[in-house]
Amino acid sequence: MGREFELLICFCIQTTESEGNTVRYQTREEDAPGTVIGNLAKDMSLSVSHSSKINFRMMKQFNDSFIRVRESDGQLSVGERIDRERICRHTPQCLITFDVVNFSKDRYKLIHVEVEIRDVNDNSPEFPNRESVVEISENAALGSRIPLDPAVDADVGSNYIQSYQISVNSHFTIDVLQRADGVKYAELILMKELDRETQPSYNIELVAKDGGSPYRSGSTKITVRVTDFNDNSPVFDQNSFSVSLPEDAPVGTVILDLNAVDADEGLNGEVVYGFGKQVSHEIRELFQVDNKSGRVTLRSPVDFEDKSTYELDVQAIDLGANPIPSVCKIIIHVTDVNDNPPEISITPMISIATGVAYISEAAEKDSLVALISTLDRDSGVNSQVHCTLYGHDHFKLRQAHEDSYMIVTAASLDRERISEYNLTVMAEDFGSPPLRKITQFTIRLSDENDNAPHFARAVYEVSVVENNAPGAYITTAEASDVDLGNNGKITYRLVDSVIMGSPVNTFVSLNSVSGSIYALRSFNYEVMKQLDVHIQASDGGSPQLQSTAIIRLKIVDQNDNQPYIVEPPLYKGSAEIFLPRDAPAGYLVTQIRATDADEGINAQLSFKITDGGHLGFSINKDTGKVLVNRKLTYDLTDSVKVTVAVSDNGSPPMTSTAMIIFSFIEGTPPSQPSSAQNSNEELFEWDISIAIIIVLAGSCSVLLLAIILIATICSRRKKETSEGGYEEKAETPDVEKAESSHMDSLIVNHKGKAFDAHPFPEGLPLASSNTTETSSEDSRQTTGIFEPNARPMEAKLKGYSTLPGYGKETVRPITIWKGNSFTTISARDPQISGKDSGKGDSDFNDSDSDISADVHKKESPPMNSLWACTSECKVLGHSDRCWSPSATRPNTSLACGPHLSTFSKTATLPRDARRENYYPPHIPKTSGLQSVYEKVQHQEFDYILVGPPTPARIQETDEISIPEYTNS
């Protein structure tokens, strides 16, 4: 056969999600293997990468061996001899379909290829028998027809049988007919009456020709015998029948009941049935006729997919002599039944094992994994197939063409998380009931070098004892890589660096395979305390991935250095020290100072005298101070040799010794003995924990004493409250005569609570220029602490001038300190001023100081006097300069003569903190005292004394008594 072929290219956009191309080619059957059919790259104008060997890949399907695809450029060629009659039988159109994937850069294109196999006239018509015999009665009417066996031609179309011809004769001709299944056959027609006595038989040659070029033909010899006269022939109810038979009909199914009647009697009227002589062997295998009843039944199962229509002749003859058969034509239409489940063919893009597809874990979304092709041998709706994918949402199906689907990725993949997927593909047709086919499919992910070697930690700390032997094993740096094969094969190397001016590879060595690190030199802690070694781990993938880690070698100190004595300076291991011959015991002669290059406990030093300790010297084991421990009796010409050893605390300890030579000179030892100085130093060398314990113990003791004191005072106050009433004691100290004409003497003789708190009424301001005078009713509304006893108290104090807040508002004198002397003024004196200059304690810095000599000089109170501050003084704006003296118990030593206590003119007045805390005075302001407050704000006084002079000791509250006087 030649290489002639027709090329038809058709581009069509599929209605599915994926846009694909369908290419149709035509070629002839019987073409030699290797015959070129077409070239996909040229025919579709596809770009081809010359650097890649694979640009096209054929996805294998049911008839994959007939066509081959060259992967470099997509050239299609015949794979093996194609026999159209074998693969397509009597089908008018024979197609071989398959899919080809075109790889273009990072994308792919699915090409659907249809190759039509064109028929070649390579088969001649053939008759079932080379010779055949037919019979006809001599009395047969003109136009009588005798069916002849048809010829068989495997070709189709114009190459199939187109005509029949018979040899020339005087009585017969033929008529070419076509059966329901498309088979052409001939019938012999009687054209002239027969006479058996003249000619009993006729020989005819029947020739069948096809329409090929050149045509092919086949022939058979037919002998026509003329039989004797027979009166009647059997007659069928009708000459032809057309019936339907489902393809799933069981064997033995009755297809048709035939009935033929013969008018003769006896044997001439008895009818038998059978297939005509021209019925093929195929039909005889599928169907059978009961010769007595004429019932046509199914002998073997039929298949709609093999053949859908059968035409057969059943004849009826009587048993008489010279019978004439009657023929009934039966056409059987096989109907399709959904009896074929779909077939599934899965073609992976990359496959090593059967039923397993491989895809790179680095594949992008929508990457093609495999192609699913379906085939249903049913027809119509029963042949339509729908596919579904189950197993994992990382993959999905996308329809490529009518009967093919693509398995594509639906998400990014990671082999280290999921290395294998087991999927289930189910193909189901639309028949009723539907049939399905289920196939298991495995997808394995191929490894990509997407994971760098991983160290468990970024920094590894390893301790190495100094003075190690060169070549000693230190540690192993181990990294892991979850990739496979070369992608997970790790090698190690030292990152180039310089340490103390030398390359790192002069300090340590690294095994590139195991990652073991070895020391190349002996380390010295005193020279290098830490060494950072950077290690890089690389895999064997392409491209190569790396990661680094730091191996921090911490050199551990060993006790390999002796203490070194630095003071006093040694010469050949000895030092000479001069000291006074008369140095007393405890005299500090010198201090041994030493250093140790080691650290920690290896550098903790202790001192001791190993030789000469009995010669009158001792040494402090911690400080190294050498002292005289007894009175020395040496002469100036004597010299004492003492051996001092300095040891560290290492294991084993190391010791250095020195010989100290003491020489004596004349001289006086220092004025401050060294022993006292040493004693004081030792006091300060107490442990800090002892000091903390002492402070805590002292604080707890003070707190306990304070609690006891508060409890005692509270108990005493409660007792006084229960007694009720107020006792009075009269104690009248003299007032200086110089002041008698200006003020009344106020001697307190009141046993009640002179400094009890009396809260102000709500809303009453202390002192303000906008404040109006307080009425007596407001004053009476103010209550003291002891409200039940307020009425008796008021009766006793009626008509007398007492402390502010008690009794009537009477005019009373006020003693103030102005300048450097006391001045007594009236409480209503508009010129009074209690303002302090605020410039210190000096009399000369006060704005209102009076230095004239016509006033009494201030007397200094005793140093042990205790004073109590009143809130009135603070209201006057004098802060801590304004103090009122406490009332006291009469003092026998001071009661004899007139005495007026004064304030000590110092920076800080003596105070009794306890009285401020226990008895804070809150005396309500009456209208008379309020006016004094308003007036004194405009004048300056150093101090205001509103009470009697204070003796050396402050009395207890229950000892205070206030004498009452009436205005004269």
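Residues numbered from 1 in each chain as written. Predicted model: local features only at pLDDT ≥ 70, side-chain atom pairs only at ≥ 80, totals over all residues. Heavy atoms only, no water.

1. As for the overall build of the protein
In terms of helices and strands, the protein carries 10 helices and 56 strands. Looking at the 968 residues of the protein, the share that counts as buried comes to 43%. Across the protein, every contact between residues at least 6 apart in sequence was considered, and the portion connecting residues at least 24 apart equals 70%. When the accessible surface of the protein is totalled, it reaches about 51,200 Å², and 50% of it is carbon and sulfur. (Helix = DSSP H or I, 4+ residues; strand = E, 2+ residues; numbered from the N terminus. Buried < 20%, exposed > 50% of the residue type's maximum accessible area, 1.4 Å probe, protein only. Contact = heavy atoms within 4.5 Å. Areas by Shrake-Rupley, 256 points an atom, 1.4 Å probe, with all protein chains shown as cover.)

2. Remarks on unusual backbone geometry
Look at the link from Ser432 to Pro433: it is a cis peptide, with omega at -5 degrees. Residue Pro652 follows Ser651 across a cis peptide bond; omega there is 0 degrees. With respect to the helices, strands and loops of the structure, Pro652 is situated in the loop between strand E50 (639-647) and strand E51 (655-665). Residue Glu30 is not a glycine yet carries a positive backbone phi of 70 degrees. Looking at where Glu30 falls in the secondary structure, it is placed in the loop between strand E1 (21-28) and strand E2 (36-39). What makes Glu30 buried here is its relative accessible area of 17%. Look at Ser45: it is not a glycine, yet its phi comes out positive at around 55 degrees. In this fold, Ser45 is placed in the loop between helix H1 (40-43) and strand E3 (56-59).

3. A look at the sheet that holds strand E17 (residues 254-257)
Backbone-to-backbone hydrogen bonds join strands into a sheet, with any given pair of strands oriented parallel or antiparallel. As summarised here, the arrangement of the three strands in space is E17-E21-E20, forming an open sheet in which the pairing is antiparallel. Of all the strands in the sheet, just E17 and strand E20 (287-289) have a single pairing partner and so form its edges. Averaged over all pairs of adjacent strands, the angle between strand axes in this sheet comes to 15 degrees, irrespective of strand direction. Of the pairings in the sheet, the one linking E17 to strand E21 (residues 295-298) comprises three bridges and is antiparallel in character. Opposite Val254, over in E21, you have Thr297 as the bridge partner. (Pairing = 2+ DSSP bridges. Axes fitted to C-alpha atoms, helices over the stretch in contact; angles between N-to-C directions.)

4. Describing the packing of aromatic side chains
One pass over the structure, following the stated rule, counts nine aromatic pairs. Residues Phe455 and Tyr460 carry aromatic rings whose centres are separated by 6.5 Å and whose planes lie at 70 degrees to one another, so their mutual orientation is edge-to-face. Directly above the aromatic system of Phe507 lies the positively charged group of Arg521, at a separation of 3.9 Å from the ring centroid. (Phe/Tyr/Trp six-rings, centres within 6.5 Å; stacked < 30°, edge-to-face > 60°. Lys NZ or Arg CZ within 6 Å of the ring centre and 35° of its normal.)

5. Remarks on the pattern of salt bridges
The full count for this structure, using the stated rule, is 21 salt bridges. The salt bridge partner of Glu30 is Arg81, with a shortest N-O separation of 2.4 Å. Residue Glu30 is located in the loop between E1 and E2, and its partner Arg81 is located in the loop between strand E5 (75-78) and helix H2 (84-87); the two are separated by 51 residues in the primary sequence. Given the relative accessible area of 46%, Arg81 is considered partly exposed. With its nearest N and O atoms 2.4 Å apart, the salt bridge here joins Arg436 to Glu428. Taking the relative accessible area as the measure of exposure, Glu428 reaches 21% and is therefore partly exposed. Via salt bridges that share partners, Arg145, Asp175 and Glu187 belong to a single interconnected network. (Salt bridge = Lys/Arg side-chain N within 4 Å of Asp/Glu carboxyl O.)

6. Here's the deal with the pairing of E5
For a regular strand, side-chain orientation follows a simple rule: the groups alternate between the two sheet faces. Residue alternation in E5 divides its side chains into two sets, Gln75 and Ser77 and Leu76 and Val78, and both sets are buried. Pairing geometry for E2 and E5, over three bridges, is antiparallel. Note that in E5 the partner of Val36 across the bridge is Ser77. In textbook terms, the turn of a hairpin is the stretch between consecutive antiparallel strands, and for strand E4 (residues 67-69) and E5 this stretch comprises five residues, one of which, Gly74, has a positive phi near 75 degrees.

7. Some points on the sheet that holds strand E22 (residues 309-318)
Strand order in this open sheet of four strands is E16-E23-E22-E19, and the pairing throughout is mixed. Because the sheet does not close on itself, it has two edges, and the strands there are strand E16 (240-246) and strand E19 (271-275). Looking at each pair of strands side by side, their axes are set apart by 25 degrees on average, direction ignored. Pairing of E16 with strand E23 (residues 326-335), which is carried by seven bridges, proceeds in the parallel orientation.

8. Observations regarding the UniProt feature "transmembrane region" (unreviewed entry) in the protein
In this structure's numbering, the residues bearing the UniProt feature "transmembrane region" (unreviewed entry) are residues 688-711. For the annotated span residues 688-711, helix accounts for 100% and strand for 0% of the residues, and the straight-line distance between the end C-alpha atoms is 35 Å. (UniProt positions renumbered as here; feature names shortened; annotations may be inferred.)

9. Some remarks on the environment of Pro342
Relative to the assigned elements, Pro342 resides in the loop between E23 and strand E24 (343-348). Taking relative accessible area as the criterion, Pro342 reaches 1% and is therefore assigned buried. C-alpha of Pro342 to C-alpha of Glu428: the two residues are 86 residues apart in sequence and 6.6 Å apart in space. Setting aside residues up to four positions removed in sequence, Pro342 forms contacts with Leu375, Asp376, Val385, Ala427, Glu428, Asp429, Leu435, Arg436 and Lys437.

10. Some details on the pairing of strand E25 (residues 356-360)
Counting buried residues along E25, four of its five residues qualify, which places the element largely inside the surrounding structure. The pairing of E25 with strand E31 (residues 436-446) spans five bridges and is parallel. Bridge assignment links Ser360 to a residue of E31, and that residue is Ser446.

11. Some remarks on the environment of Gln384
Mapping Gln384 onto the fold places it in the loop between strand E26 (368-375) and strand E27 (385-390). Residue Gln384 is classed as partly exposed on the basis of its relative accessible area of 42%. Measuring from C-alpha to C-alpha, the distance between Gln384 and Asp403 comes to 8.0 Å, with 19 residues separating the pair along the chain. Excluding anything up to four places from it in sequence, Gln384 contacts Glu428, Asp429 and Phe430.

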